[in-house]
Amino acid sequence: MSAGHSMSDVPRHGSALPLRVGTRGSPLALWQTRHFLAIISDLCPVLREAQAFEEHVIATSGDRILDRRLADIGGKGLFAKEIHEALLDRRIDFAVHSLKDLETEMPPGIVLACTMKREDARDAIVLGEGCGAPDAADPYACLPAGALIGTASVRRQSQILFARPDLRCGVIRGNVQTRLGRVRSGEFTASLLALAGLKRLGLAEEAAIVLDPEAMVPAAGQGIVGITVRESNEELCELLSAIEDREAAAVSRAERAFLGALDGSCRTPIGGHARLLPDGQLHLTGLVARPDGSFLLKRALTGPVKQARELGAELGRSLRADSPSDLFA
């Protein structure tokens, strides 16, 4: 819990109850929302006893259009656009998101009020028929030559093609269960998924190989749940600041500042992963690449946690300066 706040002096919302929470309708989004509501209810019995929360499922453009990459239809912000509109229209009071799906710059009037404790940020490989035995020392060795890998992420695609140019990548969209089914059916030889989602859905055993975050740099914000509210709702901002996870807040500040400094389009493969070292310093790894894996640049910086944003911005500027200009066109 953040210093200076306790749940015992949470603001009373009176007639504002129930608080309406917006969420996407996928199994993972609903799990994340209900997990967050369980945490806030446990910490604030007055809200639990008042049955203070009302779930509102909001269909987003990103959920409706499943036959194309997000990069081709407007980017990851499509998972948040309709939810932002519901917040600004006061149809909901706050919203629960996968942080990696949120734009670096929030729309005017909306703030990222809280980040929850990070689940495992790493990516995992899910294997289908015809793959070799997994080998942690050489994670891609189990993939047959020319194998078709299902992924909608240009970040994952660029890194696996850089390591294994013989592989092919095809678009696979939809929820976690849908993606697993398409690998099981033989449509794809393998797929790359966020380990956090598999764990949250009780599917961790589907991960044949878990990739080191320095080898397959995760998306900025991967594994973190973020809560957005209207900036004008000071009571709710105060309530949420009391349950923010300090480590998640620090690493997400660095990762999102890194993204912001690069200002890449949604077609630019970008990875950013920060972690706290045993000595309390913050270590940030950043990556930019071409989608086909023909160019990849990766660097890391370490510095004080209180300079998380500055470290992120500095690393972003460094990678941008030494990358081909057309990457950010």
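What follows concerns the overall build of the chain. Secondary structure summary: the chain contains eleven helices and 13 strands in total. Among the 329 residues that make up the chain, the fraction classed as buried is 54%. Sequence separation of at least 24 residues holds for 68% of the intrachain contacts in the chain that already meet a minimum separation of 6. Only carbon and sulfur atoms are counted for the fraction: they give 50% of the accessible area of the chain, which is about 14100 Å².

Let's shift gears to the sheet that holds strand β3 (residues 94-98). Reading across the sheet, the five strands line up as β2-β1-β3-β10-β4 and stay open at both edges, with mixed pairing between neighbours. Each of the sheet's edge strands pairs with one partner strand only, and the pair in question is β2 (53-57) and β4 (110-115). Averaged over all adjacent pairs, the angle separating strand axes in this sheet is 30°, with direction ignored.

A word on the nonpolar core. Soluble globular proteins tend to bury their nonpolar side chains together. Counting residues in each nonpolar core, the largest one holds 32 residues, and the members touching the most others are I92, F258, L262, L282, L284 and V288. For this core, the secondary structure elements donating two or more residues are α5 (81-88), α10 (246-262), β11 (270-276), β12 (282-289) and α11 (308-321). Per-element accounting of this core gives the leading share, seven residues, to α10. With residues up to four places along the chain from it excluded, the contact list for L262 reads I270, V288, G316, L319, R320 and F328. If you look at the next biggest cluster of nonpolar residues, it comprises 22 residues, including F94, V229, L239 and I243.

Roughly 310 Å³ of internal volume is contained in the second largest pocket. Lining the second largest pocket are 16 residues, with L112, S252, R253, R256 and R309 positioned closest to its centre. Grouping the constituent residues of the lining of the second largest pocket by class yields eight nonpolar, three polar and five charged.

Bringing the sheet that holds strand β9 (residues 209-210) into the picture now. Read across the open sheet, the five strands follow the order β7-β6-β8-β5-β9; overall the sheet is mixed. Since the sheet does not close on itself, it has two edges, and those belong to β7 (168-170) and β9, each with one partner. Seen against the sheet, helix α7 (residues 176-184) touches β5 (123-127) and β8 (190-194) and runs at an angle of roughly 160° to β8.

The phi angle at R90 is positive, at roughly 65°, despite the residue not being glycine. R90 sits in the partly exposed class, given a relative accessible area of 49%.

Here the focus is the environment of L30. Tracing the backbone through its elements, the reader meets L30 in helix α1 (residues 27-43). In contact with L30, not counting residues within four places along its chain, are T23, R24, G25, E55 and V57.

Moving on to the packing of aromatic side chains. What the rule picks out here adds up to two aromatic pairs. Summarising the aromatic geometry, the rings of F53 and F94 are spaced 6.1 Å apart at their centres and angled 85° between planes, so their arrangement reads as edge-to-face. Note that F53 is positioned in strand β2 and F94 in strand β3, a separation of 41 residues in sequence. Here the aromatic cluster, defined as three or more aromatic residues joined through ring pairs, consists of F36, F53 and F94.

This part takes up the confidence of the model for the chain. Within the chain, residue pLDDT values average 89, and 89% of them lie at 70 or more. Long-range and interchain partners of residues 1-15, a stretch whose pLDDT sits below 50, account for 31 contacts in this model, where long-range means more than four residues apart.

Once that is clear, we can look at the environment of D120. As for its position among the elements, D120 is in the loop between β4 and β5. Considering only alpha carbons, one finds D120 and Q222, 102 residues apart in sequence, at a separation of 8.3 Å. Not counting chain neighbours up to four residues away, the residues in contact with D120 comprise L195, A196, K199 and G223. Within the structure, the side chain of D120 is placed 2.8 Å from the side chain of R122, a separation counted as a polar contact.

Let us now look at helix α6 (residues 154-163). Across the ten residues that make up α6, a large majority, eight, are buried. By the burial criterion, the buried members of α6 are V154, R155, R156, Q157, S158, Q159, I160 and L161. At the N-terminal boundary of α6, the capping side chain belongs to S153, with an oxygen 3.2 Å from the backbone nitrogen of R155.

Of all five residues that make up β5, four are buried, and the element is covered over most of its length. Where β5 lies against β8, five bridges are found, and the strand directions are antiparallel. What sits directly across from D123, in β8, is A194.

The rules behind each value
Chains are numbered independently. Their residues run from 1 in the order of the written sequence. The model is predicted, so local features are restricted to residues of pLDDT at least 70 and side-chain atom pairs to those at 80 or more, both for listing and for counting; the totals for chains, interfaces and linings are taken over all residues. Hydrogens and water are ignored here; the side-chain numbers use all heavy atoms of the structure. Strands are runs of DSSP state E lasting at least 2 residues, helices are runs of H or I lasting at least 4, and numbering of each runs from the N terminus. Each residue gets one of three labels from its accessible area relative to the maximum for its type: buried under 20%, exposed over 50%, partly exposed in between, using a 1.4 Å probe on protein chains only. We call two residues in contact whenever any of their non-hydrogen atoms come within 4.5 Å of each other. The Shrake-Rupley method, run with a 1.4 Å probe, gives the accessible areas here. Residue values count only the displayed protein chains as cover. Strand pairing follows a simple DSSP-based rule, namely that at least 2 bridges must link the two strands. Only the stretch in contact is used when a helix axis is fitted, and all axes are lines through C-alpha atoms; the angle between N-to-C directions ranges over 0 to 180 degrees. To qualify as a nonpolar core, a set must consist of buried Ala, Val, Leu, Ile, Met, Phe, Trp, Tyr and Cys residues joined through side-chain atoms within 4.5 Å. Cavities and pockets were defined on a 1 Å grid built from protein atoms only: a cavity is a group of points that admits a 1.4 Å probe but offers it no way out, a pocket is an open group of points flanked by protein on both sides within 12 Å along at least five of seven lines, and a lining residue is one with an atom within 4 Å of any such point. Grid points are joined across faces, edges and corners, and a volume is the space filled by probe spheres set on the points. Classification convention: Asp, Glu, Lys, Arg as charged; Ala, Val, Leu, Ile, Met, Phe, Trp, Tyr, Cys, Pro as nonpolar; all other residues, Gly among them, as polar. Between 30 and 60 degrees the pair is tilted, below 30 it is stacked and above 60 it is edge-to-face, where a pair is any two Phe, Tyr or Trp rings, Trp via its six-membered ring, whose centres lie within 6.5 Å. As a per-residue quantity, pLDDT reports the predictor's confidence and falls between 0 and 100. Polar contact is defined as a pair of N or O atoms within 3.5 Å, subject to the rule that within protein one atom must be able to donate a hydrogen and the other to accept it, and that residues adjacent in sequence are counted only when both atoms are side-chain atoms.

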